[in-house]
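Spelled out, the chains give:
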Amino acid sequence: MINKCLFPAAGYGTRFLPATKAVPKEMLPILNKPLLQYGVEEALSAGINNMAIVTGRGKRAIEDHFDNASELESQLRGTSKEHYLDDIKSVIEKSTFTYIRQTQMLGLGHAILTGETLIGEEPFAVILADDLCIDGDINLLSKMIKIYEKYQCSVIAIEEIPFTQTEKYGVISGDLIDGTNDTYRVTNMFEKPKSHDLIEFVEDRVNPNYASSFMAIAGRYILTPDIFDILKKIKPGKNGEIQITDALLFQANQGKVIAYKFKGKRFDCGSVEGYIKAINYFAKKQELLK
Ligand code: G1P
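Residues numbered from 1 in each chain as written. Predicted model: local features only at pLDDT ≥ 70, side-chain atom pairs only at ≥ 80, totals over all residues. Heavy atoms only, no water.

Novice: Kindly report on the confidence of the model for the chain, identifying the contributing residues and their values.
Specialist: When pLDDT is averaged across the chain, the result is 91; 94% of the residues are at 70 or more. For the stretch residues 206-213, pLDDT sits under 50, and the model shows 24 contacts to residues farther than four places along the chain or on other chains. (pLDDT = per-residue confidence, 0-100. Contact = heavy atoms within 4.5 Å.)

Novice: Explain the site of the ligand to me, and be specific about the residues and the numbers.
Specialist: Taken together, 13 residues lie near the ligand, and Asp131, Gly170, Glu191, Lys192 and Ile217 sit nearest. At 2.7 Å from an oxygen atom of the ligand is found a side-chain nitrogen or oxygen belonging to aspartate 131. Within the contact set of the ligand, an oxygen atom lies 2.7 Å away from a side-chain nitrogen or oxygen of glutamate 191. Its free accessible area being 380 Å², the ligand has 78% of it covered by the protein chains. At a threshold of 2 Å from the grid points, most atoms of the ligand map onto the largest pocket. When residues in the shell around the ligand are grouped by element, the largest group, three residues, is from strand β11 (residues 210-223). A per-class count over the shell around the ligand returns five nonpolar, four polar and four charged. (Near = heavy atom within 4 Å. Polar contact = N/O pair within 3.5 Å; in protein donor to acceptor, adjacent residues only side chain to side chain. Areas by Shrake-Rupley, 256 points an atom, 1.4 Å probe, with all protein chains shown as cover. 1 Å grid on protein atoms, 1.4 Å probe; cavity = no way out; pocket = protein on both sides within 12 Å on 5 of 7 lines; lining within 4 Å. Sits in = over half its atoms within 2 Å of the grid points. Helix = DSSP H or I, 4+ residues; strand = E, 2+ residues; numbered from the N terminus. Nonpolar A, V, L, I, M, F, W, Y, C, P; charged D, E, K, R; others polar.)

Novice: Explain helix α10 (residues 244-252) residue by residue, including any values.
Specialist: All buried positions along α10 are accounted for by Ile244, Thr245, Ala247, Leu248, Gln251 and Ala252. Projected down its long axis, α10 carries its buried residues within an arc of 160 degrees, all on one side. (Buried < 20%, exposed > 50% of the residue type's maximum accessible area, 1.4 Å probe, protein only. Arc of directions from axis to C-beta.)

Novice: Now, about the packing of helix α1 (residues 35-45) against helix α4 (residues 86-94): what can you tell me, with residues and values included?
Specialist: Two numbers describe how α1 lies on α4: the axes approach to 11 Å, and their chain directions differ by 50 degrees. By the criterion of interaxial angle, the relationship of α1 to α4 is oblique. Considering the relative orientation of α1 and α4, their crossing is left-handed. The segment α1 lies against α4, with Gln37, Val40, Glu41 and Leu44 engaging Asp87, Ile88, Val91 and Lys94. Here the residues of the contact of α1 with α4 sort into four nonpolar, one polar and three charged. (Axes fitted to C-alpha atoms, helices over the stretch in contact; angles between N-to-C directions. Parallel < 35°, antiparallel > 145°, perpendicular 65-115°, else oblique. Left-handed = near helix turned anticlockwise from the far one by under 90°.)

Novice: So what's going on with the pattern of salt bridges? Residues and values would help.
Specialist: Enumeration according to the criterion identifies 14 salt bridges in this entry. Across the pair glutamate 159 and arginine 266 runs a salt bridge whose closest N-O atoms are separated by 2.7 Å. Within this pair, whereas glutamate 159 is found in strand β8 (residues 154-160), its partner arginine 266 is found in strand β13 (residues 265-268), the two being separated by 107 residues in sequence. Of the two residues, glutamate 159 and arginine 266, neither departs from the other in class, the shared state being buried. Aspartate 182 serves as the salt-bridge partner of lysine 263, at 3.0 Å between the closest nitrogen and oxygen. Pair noted here: lysine 263 is in the loop between β12 (257-261) and β13 and aspartate 182 is in the loop between β9 (170-176) and β10 (183-191), with a separation of 81 residues, a long-range link. The buried category is assigned to aspartate 182, whose relative accessible area is 14%. Because the salt bridges share partners, they merge into one network encompassing Glu116, Asp229 and Lys232. (Salt bridge = Lys/Arg side-chain N within 4 Å of Asp/Glu carboxyl O.)

In structure tokens:
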């Protein structure tokens, strides 16, 4: 069982300045709902009620968002606007939120390690809220939990990306697991590699059972708790930061990382371009745009 979901939410949101100067990037709205709420709702619909959020300086709006707002509620009670709070109230009722602050920005791996005290000795999910993922009708995290239950090791979500974009993501290679067409046992991982450093993997692409270097890690993980000890031991990697990709490579070398290639959409809402695409997608879905 996966009971807890960790949300690293301490980053500065540099690509979104100046909007993120005083507003946490996780609180940027897609239509009328902040990114982090989409993540929490995804966790809830995957059966997880315990939300562990790693925050940092200037992120208090996150805690306020997932708390009751008695004054506002009493103002709206009995009016035609009362229903605007229904969704968030239901999220708050169903979830427990715990928080810890990351006091130094030493990378995603370090943010996850900061959450150890909220997670403890159990497998857990990680959602990077600025990666908005839609995997058909069933949510992505639910599918990953099923895969975890089968293989009992860490699980990552992957998607195909153009070769020119490898420097933006963690990139993996792996072997397709027999009897599946979307599930790989990971054999190698690289954090934001330059595409020309991956030429050898392009050649591997001729083998249809090989996940080529075109496979990028999306912001969804199921991690086994031994990841914390690995994170404590590894040296800083790309950009001098503690990288979750490097810790996962340690597990992958023991055959203990599975990658699930999801079929849906991923919006990189940490970039203005991805953010606009996400807004358009949801606006069309709700028929707000013609
Ligand atoms: C992080 C990970 C990277 C992954 C990406 C997904 O990078 O380090 O491996 O591909 O999330 O969004 P970040 O976006 O935090 O730079």
